[in-house]
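Below are the chains, spelled out letter by letter.
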Amino acid sequence: MPAKIHVVANQKGGVGKTTLAVNLGAVAHAVLSGENNPLKAATPQDGPSPVLVVSTDPQGSSVWWSGRVKENGGLPFDFSQVDDPKLLGRLRTLNYAHIIVDTPGSLEDDRILQAALDQCDDVIVPMTPEPLSYEPTRLTINQVVAPRGIPYRVVVNNWDPRDGLTDLQQTAKFIAACGWPMCDTVVRRYKLHTRASAEGQVVTQYPKNRTASEAREDFLRLALELGYGGSPAGVPRQAGAQALVEEG
Ligand SMILES: Nc1ncnc2c1ncn2[C@@H]1O[C@H](COP(=O)(O)OP(=O)(O)OP(=O)(O)O)[C@@H](O)[C@H]1O
Ligand SMILES: [Mg+2]
């Protein structure tokens, strides 16, 4: 079966493209590698991974992150930096179940993003629950993604439950008003995620404690919702974005 190619895109910088690409790669690897309990800390890769994460960002924050992880024993999944957009055409011939492509956040030069979209099966559009994210996300979806007819889903990332529901509800209403499909999973803000690149860890390598499991669950739930294999059994339920909105 040809690899399924998922592009993570939003021309707004700092919404979590790299965080989602790398951590979705980690949980998809854990689920697809048949680990009995995908919530347990993953061991470094000892065979071929079913998952490849590709960075196309010339600034390469995921490259730096992966370098830090290597110092700590290695990424569980395969990782590659692709600078020449023409090479993206070869992705489909590679032997992976899922290829997750991280793209740069820039409204000016969208050639790399366009080249990645040429190859993909679907698009994940992360956005943060704040009004500053609205307009750039609208431009990315309405001008770049939707006109191509590629399936896409918006994921709200970096929501801090301590801030209350207002921003999340407003963002979900904005997404609904735009008519965009939204993932039920909301990725919450955890200091662990912010620190992970410097710590040289991906989400499946976080220490075993309650906060880390909660932080990991969001990505596991998201990977399952996006259909990256496995069954949601054993994953604690989240109220879900829709339910949170209806509640308010
Ligand atoms: N759920 C989260 N919890 C905590 N911190 C987060 C979360 N998501 C992202 N961050 C932090 O926010 C910052 C921006 O995230 P990230 O680099 O993933 O965004 P990006 O969209 O890839 O940015 P760019 O457009 O510059 O490539 C990083 O410091 C990251 O650690
Ligand atoms: Mg990035």
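As a reminder, the structure under discussion sits directly above these lines.
Let me sum up the structure you'll find in this document. (Residues numbered from 1 in each chain as written. Chains lettered and ligands numbered in written order. Predicted model: local features only at pLDDT ≥ 70, side-chain atom pairs only at ≥ 80, totals over all residues. Heavy atoms only, no water.)

**Focus: the environment of D84**
Of note, D84 is situated in the loop between strand 3 (78–81) and strand 4 (98–102). On the basis of relative accessible area, D84 is assigned to the partly exposed category, the value being 32%. With 31 residues separating them along the chain, D84 and A115 place their C-alpha atoms 9.6 Å apart. (Helix = DSSP H or I, 4+ residues; strand = E, 2+ residues; numbered from the N terminus. Buried < 20%, exposed > 50% of the residue type's maximum accessible area, 1.4 Å probe, protein only.)

**Describing the nonpolar core**
In this structure, I99 and V123 are the most contacted members of the largest nonpolar core, which totals 36 residues. Listed by contribution, the elements that provide at least two residues to this core are strand 1 (4–8), strand 2 (51–55), strand 4, helix 3 (111–119), strand 5 (122–127), helix 4 (131–145), strand 6 (152–159) and helix 5 (166–178). Beyond its immediate sequence surroundings of up to four residues, V123 is in contact with V7, A9, L117, V145, I150, P151, Y152 and R153. Core analysis: the second largest hydrophobic core is formed by 34 residues, A21, I100, V155 and A223 among them. (Core = buried A, V, L, I, M, F, W, Y, C linked by side-chain atoms within 4.5 Å. Contact = heavy atoms within 4.5 Å.)

**Quick word on the site of ligand 1**
Ligand 1 sits among 17 residues. The nearest are K17, T18, T19, N157 and T194. At a separation of 2.6 Å, an oxygen atom of ligand 1 approaches a polar side-chain atom of T19. Against a free-state accessible area of 630 Å², the protein chains account for coverage of 80% of ligand 1. Elements with a contribution of two residues or more to the shell around ligand 1: helix 1 (17–32), strand 6, strand 7 (187–188) and helix 6 (191–199). In terms of residue count, the dominant contributor to the shell around ligand 1 is helix 1 (3 residues). (Near = heavy atom within 4 Å. Polar contact = N/O pair within 3.5 Å; in protein donor to acceptor, adjacent residues only side chain to side chain. Areas by Shrake-Rupley, 256 points an atom, 1.4 Å probe, with all protein chains shown as cover.)

**Let's talk about unusual backbone geometry**
If you check the backbone angles, N158 has positive phi at about 75° while not being a glycine. Summarising the element assignment, N158 is placed in strand 6. For N158, a relative accessible area of 27% corresponds to the partly exposed category.

**A word on the pairing of strand 5**
Strand 5 sits mainly inside the fold: 5 of its 6 residues count as buried. Both strand 1 and strand 5 contribute to a ladder of 3 bridges, which runs parallel. Across the sheet, residue V8 finds its bridge partner in strand 5, namely I124. The sheet contact formed by strand 5 and strand 6 spans 5 bridges and is parallel. Across the sheet, the residue bridging to P126 is V155, located in strand 6. Running through helix 4, the crossover from strand 5 to the neighbouring parallel element strand 6 is right-handed. (Pairing = 2+ DSSP bridges. Right-handed = clockwise from strand over helix to strand, strands pointing away.)

**Some details on the sheet that holds strand 4**
In space, the 7 strands of this open sheet follow the order 3-2-4-1-5-6-7, with parallel pairing throughout. Edge positions in the open sheet fall to strand 3 and strand 7, since each of these has one partner strand only. Relative to strand 4, strand 2 is paired through 5 bridges, and the arrangement is parallel. Following the sheet pairing, S55 is matched in strand 4 by D102. Here helix 4 sits on the sheet in contact with strand 5 and strand 6, set at roughly 170° to strand 5. (Axes fitted to C-alpha atoms, helices over the stretch in contact; angles between N-to-C directions.)

**Observations concerning the environment of L192**
The topology assignment puts L192 in helix 6. Along the primary structure L192 and R216 are separated by 24 residues, whereas in three dimensions their C-alpha atoms are 9.8 Å apart. Not counting residues within four places of it along the chain, the set of residues in contact with L192 comprises Y206, T211, A212 and A215.

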